[in-house]
Amino acid sequence: MTSKPKHLHFAALLFFLYDMIKNALIPFIAGVFGAMAGGAKKYMFWVILAGVLLILGATLLKYVYYTYQLLDDEIVVKYGWIVKKVNHVPYDRIQNVTTNQWFFLKPFGLEELEIETAGRSDGPEVKLRAVPDSLKQEINDLRKSRPVEVEETVSDIKEVEPSSNANTYMISWHDLLKFSFTSPAFLTGFLVVLGLYGKVSNSINKSVYDGVAKQASHLGVLLIVALIVVVLILFYLGATLVLIAQYYHFKLTEENGQFVMERGFFQKKVTTITMDRVQAVMVKQTWLRSFLHIVTVQLVIVSNSKKDDSEKDIIVMPVIVEGQVNDFIRQFFPKVPVDIIESNTPVKRTMYYDLRNATYFALITAAIIISAFHSIVWLAVVLIILELLFWYPPAFLRAKRDHVQVLNDDFLMIRVNKILTKQTYFVPRESIQIIEKQQSVWLEKKHFAHLTVNCRSGNSKREIKVRYQREEEVLNAFDWYKGLVPTPK
Amino acid sequence: MNKVEKLPADIKKIWRLNAYFDFFILFVVSAAFYIWKILAPKNMQPVLFRISLIILAIAIVIFIIELALVQYRWNFWTFYIDERQVELHHGYFFRKQIVIPIARVQNVTLKQGPILRLKDLHKVIVVTAAGSDEISGLKTSQANDLKELIMKLAKEARNDL
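Residue indices follow the written sequence of each chain, beginning from 1 at its first position. Chains carry letters from A onward and ligands carry numbers from 1 onward, assigned in written order. Selection of residues for local features in this predicted model requires a pLDDT of at least 70, selection of side-chain atom pairs for listing and counting requires 80 or more, and totals for whole chains, interfaces and linings are taken over all residues.

Q: Help me understand helix H12 (residues 377-401) of chain A in this model?
A: Every α-helical turn comprises 3.6 residues, leaving residues that sit three or four positions apart pointing alike. Residues and elements named next belong to chain A. We count a stretch as a helix when DSSP gives it H or I for four or more residues in a row; a strand needs E for two or more, and each element gets its number in order from the N terminus. Any helix carries an expected span of 1.5 Å times its number of residues minus one. Its 25 residues give H12 an end-to-end C-alpha distance of 36 Å, which sits within 8% of 36 Å, the value for a rise of 1.5 Å per residue. Here H12 has its buried residues at Trp391, Ala395, Arg398 and Ala399. Turning to H12, the residues buried within the fold contact helix H11 (348-373) and strand E16 (411-418). Three exposure classes are used, all based on how many other C-beta atoms lie within 10 Å of a residue's own C-beta (placed from the backbone): buried at 20 or more, exposed at 12 or fewer, and partly exposed between those limits. Placing a C-beta atom from the backbone of each residue, one calls two residues in contact when those atoms lie within 7 Å.

See the structure below:
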């Protein structure tokens, strides 16, 4: 089954135009202002006209030269009119396929299709801005019809009863609200705005600033505090609404080792990934959610995302009650032996080491604070309380949570603490790239050690590190990885 | 290559050379500040002189530490390669043991700068899909053998990402 090179749908022109305008806007405005400052006002009309024509022309050319072609074993994308580029992506190198459908394209049956491989490029290897929504199925069929991997032939046999063994999960409104309202995402947004504010306030004329500050002092401290609270609440609500729109109608389907995640209100996003491309399964619990006993389940995958560690993971389960997470994993990841997980009691000596280290850092920070602010006593006291809160709770949680356990021949469980968030990884042996044991002479005497496991995540690596663990547990994991120990159970 | 090996003894000379080199760079920076001090107006001179002295002191301390640690580093820097994995061991007081299965190796890079070329050594970088680790110097023939071995084994034990 081979097709001819095809153009994108005309709607792609809109996206190209949008991209082009976005990129050209700043140089364009700069050009106009430059011309104005140069006193060339009479040519202004022509300058703007030339700019507009340039943008329209470039968009049209980009569209005309952008084609894709489905071959028997690869997809070929050709683009570019000055520098021509041809991108060949073999089907068996595909890691994940994502489609994004804006609500206004739905009536036309169009969507954006992205294909990612394990290559380390900046974005998806293939990005088709507007194609018929049947294309994804076509590509998936082509992927399946090439049984290059053993796993895939196995799944072909299973296909005798296709829809009956499909696992699905659909988010309820209640869960969606729970997920959105407990997300710490608004904090990052708030910090970004604070940073911007800092930059702006630097550039604002100082006299203006002083004037505003004087007025503000008339308003009284209470009002300012109220204002800050209102802004925070607005941010919180805004971020929550964004999350609700993003995870609206979240649906997870598992069929023959293939996961399909659907979500989104304004833009419907569908991600497809095969189970054997998943690098690890992670159960994540942020601090706020730990009070509500709810967790999130994510997949660590290979993609071209450069985002933060946990942001580039694919969420397969936005929110689930802690007690049901094992059932969920059993249902969707039958290979992960969640039943063997032993509940562990924190080791006293681990607690000692972590709290001791926290004390070192706390003392150093306190010394710096005191040397800098000793003249303003109340400020120094506040800062010291804050820094104690910064160092001790994470150290305490780390000591409590860090743990490593070999589950069976194929899976390792590592639980780590990131500041206040608990992350439990189930890592298949094949996806561990490097394993590392660290131990100082002093730790050796006490039979303790650190363990680091490296996995691929996004387009870089993820280091999962547990510290101050019992040596026997670390060695067990180490030997398990090296293949020296057959099975613990 | 089925035994725990140390790096070639020549690598110590390279490390010492590197230490001299680092010292030289910091010394030049310090000297630059000193020259600036001579040319600068009177009120700036004490500050510049102090900066120059501090950089010099740091340079000397780093130099001494680097030289002192060369023997230690070499003594406790070993590697072991068999048909299953590459193992690297560093340090005595702070021990690190790294295991990279050959099946996970994506590529092996040999690197040789001008200093390593003097002693006919190569830096060997073993790259996986998640990060890389390096053996800081091997005789050229040994590095090539190693590269051949790893690539041969990697081909046999191909495991797809």
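Q: Any chance you could explain the domain arrangement of chain B here in plain terms?
A: How big an interface is tends to be reported as the loss of accessible area on association of its parts. Residue and element names in this part refer to chain B. Here chain B is partitioned into domain 1 (10-74) and domain 2 (78-156). Taking only C-alpha atoms, the centre of domain 1 and the centre of domain 2 are 32 Å apart. A per-class count over the side of domain 1 that touches domain 2 returns three nonpolar, no polar and two charged. The domain boundaries here were taken from an automatic or database domain assignment. Any residue that is not Ala, Val, Leu, Ile, Met, Phe, Trp, Tyr, Cys, Pro, Asp, Glu, Lys or Arg is counted as polar, Gly included; the first ten are nonpolar and the last four charged.

Q: Just to check I follow, could you spell out the UniProt feature "domain: YdbS-like PH" (unreviewed entry) in chain A for this structure?
A: Within the UniProt annotation, "domain: YdbS-like PH" (unreviewed entry) is assigned to residues 66-133 and 247-306 of chain A. A helix fraction of 0% and a strand fraction of 59% characterise residues 66-133 of chain A, whose end C-alpha atoms lie 18 Å from each other. UniProt positions are given in the numbering used here, feature names are shortened, and annotations may be inferred rather than shown by experiment.

Q: I tried to follow the sheet that holds strand E18 (residues 432-440) of chain A on my own but got confused; where do I start?
A: In a beta sheet, neighbouring strands are held together by backbone hydrogen bonds and run either parallel or antiparallel to one another. What the seven strands build is an open sheet, ordered E20(A)-E19(A)-E18(A)-E4(B)-E3(B)-E2(B)-E1(B); its pairing is antiparallel. Every other strand in the sheet has two partners, leaving strand E20 (460-470) of chain A together with strand E1 (5-6) of chain B as the edge strands with one partner each. As paired elements, E18(A) and strand E4 (residues 94-101) of chain B share six bridges and run antiparallel to each other. Bridge pairing in E4(B) links A:Gln439 to B:Arg95. In this scheme, strands are said to pair when DSSP sees at least two bridges between them.

Q: Is there a simple way to explain the UniProt feature "transmembrane region" (unreviewed entry) in chain A in this structure?
A: What UniProt calls "transmembrane region" (unreviewed entry) maps, in this numbering, to residues 12-37, 43-65, 179-198, 218-244 and 358-391 of chain A. With 100% helix and 0% strand, the stretch residues 12-37 of chain A has end C-alpha atoms that lie 37 Å from each other.

Q: How do you make sense of the interface of chain A and chain B when you look at a structure like this?
A: Taken together, the contact between chain A and chain B spans 20 residues of the former and 19 residues of the latter. The set of elements that each furnish at least two residues to the side of chain A that touches chain B consists of E18, strand E19 (448-457), E20 and helix H14 (471-482) of chain A. Split by residue class, the side of chain A that touches chain B holds seven nonpolar, six polar and seven charged.

Q: Where do I start with the UniProt feature "transmembrane region" (unreviewed entry) in chain B in this structure?
A: Residue and element names in this part refer to chain B. If you check UniProt for "transmembrane region" (unreviewed entry), the listed places come out as residues 20-39 and 51-70 in our numbering. What you have in residues 20-39 is 100% helix and 0% strand, and the ends, taken at the C-alpha atoms, are 28 Å apart. Here residues 51-70 is 100% helix and 0% strand, with 29 Å between the C-alpha atoms at its ends.

Q: Help me understand the nonpolar core, please; the structure alone is not making it clear to me.
A: Taken as a class, soluble globular proteins show a tendency for nonpolar side chains to be buried jointly. Formed by 87 residues in total, the largest nonpolar core has its most connected members in A:Val281, A:Leu412, A:Ile414, A:Val427 and A:Ala477. The biggest single contributor to this core is strand E13 (residues 294-301) of chain A, with six residues. Think of a nonpolar core as buried Ala, Val, Leu, Ile, Met, Phe, Trp, Tyr and Cys residues, each tied to the set through C-beta atoms within 7 Å.

Q: I tried to follow unusual backbone geometry on my own but got confused; where do I start?
A: The phi angle at A:Ile419 is positive, at roughly 55°, despite the residue not being glycine. Relative to the assigned elements, A:Ile419 resides in the loop between E16 and strand E17 (421-428). Unlike most non-glycine residues, B:Asp120 shows phi in positive territory, near 60°. Mapped onto the secondary structure, B:Asp120 falls in the loop between helix H3 (114-118) and strand E6 (121-128). For B:Asp120, a count of 14 C-beta atoms within 10 Å translates into the label partly exposed.

Q: For this particular structure, what's the right way to read the pairing of strand E2 (residues 77-81) of chain B?
A: Consecutive side chains of a regular strand alternate in pointing toward one face of the sheet and then the other. All names here are of chain B. Sheet topology places E1 next to E2; two bridges connect them, and they run antiparallel. The residue bridging lysine 6 from the neighbouring strand is threonine 78, located in E2. Examined bridge by bridge, E2 and strand E3 (residues 85-90) share five bridges and lie antiparallel to one another. Looking at E3, one finds that isoleucine 81 is bridged to valine 86.

Q: Would you mind going over the sheet that holds strand E3 (residues 74-79) of chain A with me for this structure?
A: All names here are of chain A. Ordered by their spatial adjacency, four strands build an open sheet running E1-E2-E3-E4, and the pairing between neighbours is antiparallel. Whereas interior strands pair on both sides, the edge strands pair on one side only; in this sheet they are strand E1 (6-7) and strand E4 (85-90). The pairing of E1 with strand E2 (residues 67-70) spans two bridges and is classified as antiparallel. Bridge pairing in E2 places histidine 7 opposite threonine 67.

Q: Explain the UniProt feature "domain: YdbS-like PH" (unreviewed entry) in chain B to me, please; I cannot follow it from the model alone.
A: UniProt's entry tags residues 74-150 of chain B with the feature "domain: YdbS-like PH" (unreviewed entry), counted in the numbering of this structure. Summarising residues 74-150 of chain B: 23% helix, 55% strand, and an end-to-end C-alpha distance of 23 Å.

Q: For this particular structure, what's the right way to read the pairing of strand E15 (residues 403-406) of chain A?
A: Looking at chain direction, E15(A) and E16(A) are connected through four bridges and run antiparallel. Counted as the bridge partner of A:Gln405 is A:Met413 from E16(A).

Q: What should I look at first to understand the confidence of the model for chain A in this one?
A: In regions of low pLDDT, the predicted coordinates are not meant to be interpreted in detail. Residue-level pLDDT values for chain A average 83, and 87% of them are 70 or greater. When the criterion is pLDDT under 50, residues 147-164 of chain A qualifies, and its contacts beyond four places in sequence or with other chains add up to 13 contacts. Summary of the metric used: pLDDT quantifies the predictor's per-residue confidence within the range 0 to 100.

Q: How should the packing of helix H5 (residues 173-181) of chain A against helix H8 (residues 221-247) of chain A be read in this particular structure?
A: When two helices pack together, their arrangement is given by the angle between the helix axes and by the axis-to-axis distance. All names here are of chain A. At a minimum axis distance of 9 Å, the contact between H5 and H8 shows a crossing angle of 135°. Judged by the inter-axis angle, H5 sits oblique to H8. Both H5 and H8 take part in a crossing whose hand is right-handed. Taking contact as the criterion, the partners of Leu176, Phe179, Ser180 and Phe181 in H5 are, on H8, Thr240, Leu243, Ile244 and Tyr247. Of the residues belonging to the contact of H5 with H8, the class tally is six nonpolar, two polar and no charged. The axes used here are C-alpha line fits, helices contributing only the stretch in contact, and every angle between their N-to-C directions lies in the interval 0 to 180 degrees. Under this scheme an angle from 65 to 115 degrees is roughly perpendicular, one under 35 degrees roughly parallel, and one over 145 degrees roughly antiparallel; angles in between are oblique. Helix crossings get a hand from a simple test, with the near helix turned counterclockwise from the far one by less than a right angle marking a left-handed crossing and a clockwise turn marking a right-handed one.

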